[in-house]
Amino acid sequence: KDAGYTIFMVLNGSDLETQNGFASDDILEILKSRLDSDKINFLILAGGTLEWKNPLMPDREYAVYRVIDGALETLCNLGKQDLSNPALLAGFLDLGYRMYPAKRYGLIFWDHGGGAVIGCGYDEISQKSLLLPQFEMALASSKAAEEPLEFIGFDACMMANLETACVCSRYAHYLIASEELEPGSGWDYSFLSVLSQNPEMTGGEIGCSIGEAYISYYNSLFGRMASVRATISVTDLQKIPAVVQAVEDFAEAANQKLLAGGYNRLAKAR
């Protein structure tokens, strides 16, 4: 395990790519990030879009790539797939764990996010998303169930919520995600050069580096305009079980208050 990290990226281009080329922009950002491919294995599962704005990736199909020396190497073409099928993500993870072992592993999801109800990864072809139960099925049936990921990150809207953190806590140490909507350009992938220089970084340290680059990027574009909301959080997933217990205790106490006629007080507090 010579590499410090193997990072998996699920790049589901969707209409963000078809209409605006946002996924291709971020691929270019990754290739220009000075990622050291001797220290960091960076694998991309790309698909889910009707039309890519770059000449390498096949429209309406999925393929797996590796970032190496500032370029993309095609590892395998998968043809027509559906991201909502847990076997696709599980197979991608198992391929990386087997062929590109490392000291630590990270997983990044890129696409639309819809929180606990809608999930993440809207596939423009199947018109389905990867829901949280399917996401958990994929992780549970992959190598990540035996050797947890250092972090799971969502370069997507509204994925920093308790339900997502609860699922991730069984398979990773940190969650990196936005509480609110993300601007279309998403994360600033310059953090990969920092990780290449410090491949011993923990998931929490990587999350802080991502957050600082992300907020700095949008501040430089828009200043501190109130109309531009860029939020991101880094969560220590080891603390999630205690949070879940606290929420359940609160819900039980609130239910007892409701039964005792305390609706107005609870409604006002909410």
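The structure displayed is predicted, hence computed values, not measured ones.

*Asks:* Can you break down the overall build of the protein residue by residue, with the values?
*Replies:* Broken down by element type, the protein carries 10 helices and 10 strands. With the principal axes as the frame, the protein shows a C-alpha extent of 65 × 45 × 40 Å. Here the protein holds 270 residues, and 50% of them are scored as buried. For the protein, long-range pairs separated by at least 24 residues make up 70% of all intrachain contacts whose partners lie at least 6 apart in sequence. Surface exposure of the protein reaches about 12700 Å², of which carbon and sulfur atoms provide 53%. Taking the average place of the 21 positive charges on the side chains of the protein and the average place of its 35 negative ones, the gap between the two points comes to 5 Å.

*Asks:* Can you lay out empty space enclosed by the protein for me, pointing to particular residues and giving the numbers?
*Replies:* Counted according to the given criterion, the structure contains 1 cavity of 30 Å³ or more. Space inside the largest cavity adds up to approximately 30 Å³. Taken together, Phe109, Cys120, Leu130, Leu132, Phe135, Phe154 and Met159 make up the lining of the largest cavity. Along the lines of polarity and charge, the residues of the lining of the largest cavity split into 7 nonpolar, no polar and no charged.

*Asks:* Can you explain the environment of glycine 204? Please cite residues and give values.
*Replies:* Take glycine 204: it is sitting in helix 8 (residues 203–222). If we skip the residues at most four places from it in the chain, glycine 204 touches Tyr174 and Val234.

*Asks:* Can you break down the nonpolar core residue by residue, with the values?
*Replies:* If you look at the biggest cluster of nonpolar residues, it comprises 40 residues, and the most contacted ones within it are Leu89, Leu107, Phe135, Leu149 and Phe154. Tallying contributions element by element places helix 3 (residues 86–99) first for this core, with 5 residues. The residues touching leucine 149, leaving out its near neighbours within four places in the chain, are Phe8, Tyr97, Tyr105, Gly106, Leu107, Leu139, Ala144, Tyr171, Ala172 and His173.

*Asks:* Before we move on, can you summarise the pairing of strand 9 (residues 172–177) with the specific residues and values?
*Replies:* Bridge count between strand 8 (residues 149–155) and strand 9: 4 bridges; the pairing is parallel. In the sheet register, isoleucine 152 faces strand 9, and the bridge partner there is leucine 175. With helix 6 (residues 162–168) bridging strand 8 and the parallel strand 9, this β-α-β connection has right-handed handedness. Judged from the 4 bridges that link them, strand 9 and strand 10 (residues 233–236) form a sheet pairing that is antiparallel. Counterpart to isoleucine 176 in the pairing with strand 10 is valine 234.

*Asks:* I'd like a description of the side chain of serine 193, backed by residues and values.
*Replies:* Inspection of the secondary structure assignment puts serine 193 in helix 7 (residues 191–197). With a relative accessible area of 10%, serine 193 lands in the buried category. Leave out the neighbours within four places in its chain, and serine 193 touches Ser33 and Arg34.

*Asks:* Go over the packing of helix 3 against helix 5 (residues 132–140), please, and point to the residues and values.
*Replies:* As a packed pair, helix 3 and helix 5 sit with axes 8 Å apart at the nearest point and diverge in direction by 35 degrees. Like other packed secondary-structure pairs, helix 3 and helix 5 cross with a definite hand, here right-handed. Residues Pro86, Leu89, Ala90 and Leu93 of helix 3 form the contact with helix 5, whose participating residues are Gln134, Phe135, Met137, Ala138 and Leu139. A breakdown of the residues in the contact of helix 3 with helix 5 according to their chemical character gives 8 nonpolar, 1 polar and no charged.

*Asks:* Give me the lowdown on the pairing of strand 8, citing residues and values where you can.
*Replies:* Across the 7 residues that make up strand 8, a large majority, 7, are buried. Bridge count for strand 5 (residues 102–110) against strand 8 is 5 bridges, and the pairing is parallel. Bridge pairing links leucine 107 to isoleucine 152 in strand 8.

*Asks:* Summarise the environment of serine 196; cite the residues concerned and give the values.
*Replies:* As for its placement among the helices and strands, serine 196 is situated in helix 7. Here serine 196 falls in the buried class, since its relative accessible area comes to 4%. Residues in contact with serine 196, not counting those within four places in the same chain, are Arg34, Leu35, Asp36, Lys39 and Ile40. Here the side chain of serine 196 touches leucine 192 through a polar contact of 2.9 Å, landing on its backbone oxygen.

*Asks:* Lay out the pattern of salt bridges in plain terms, naming residues and giving numbers.
*Replies:* A complete count under the given rule lists 6 salt bridges for this structure. Salt-bridge contacts for glutamate 200 lead to lysine 103; the nearest nitrogen and oxygen are separated by 3.5 Å. Of the two residues, glutamate 200 sits in the loop between helix 7 and helix 8 while lysine 103 sits in strand 5, which places them 97 residues apart along the sequence. The partner of lysine 143 in a salt bridge is glutamate 146, with the nearest N and O atoms 3.1 Å apart.

Procedures and definitions
Residues numbered from 1 in each chain as written. Predicted model: local features only at pLDDT ≥ 70, side-chain atom pairs only at ≥ 80, totals over all residues. Heavy atoms only, no water. Helix = DSSP H or I, 4+ residues; strand = E, 2+ residues; numbered from the N terminus. Buried < 20%, exposed > 50% of the residue type's maximum accessible area, 1.4 Å probe, protein only. Contact = heavy atoms within 4.5 Å. Areas by Shrake-Rupley, 256 points an atom, 1.4 Å probe, with all protein chains shown as cover. Lys, Arg positive; Asp, Glu negative; His and termini not counted. Charge placed at Lys NZ, Arg CZ, Asp CG, Glu CD. 1 Å grid on protein atoms, 1.4 Å probe; cavity = no way out; pocket = protein on both sides within 12 Å on 5 of 7 lines; lining within 4 Å. Points joined across faces, edges and corners; volume = space filled by probe spheres on them. Nonpolar A, V, L, I, M, F, W, Y, C, P; charged D, E, K, R; others polar. Core = buried A, V, L, I, M, F, W, Y, C linked by side-chain atoms within 4.5 Å. Pairing = 2+ DSSP bridges. Right-handed = clockwise from strand over helix to strand, strands pointing away. Axes fitted to C-alpha atoms, helices over the stretch in contact; angles between N-to-C directions. Left-handed = near helix turned anticlockwise from the far one by under 90°. Polar contact = N/O pair within 3.5 Å; in protein donor to acceptor, adjacent residues only side chain to side chain. Salt bridge = Lys/Arg side-chain N within 4 Å of Asp/Glu carboxyl O.

Interpretation note: all reported values are geometric properties and have no functional meaning in isolation.
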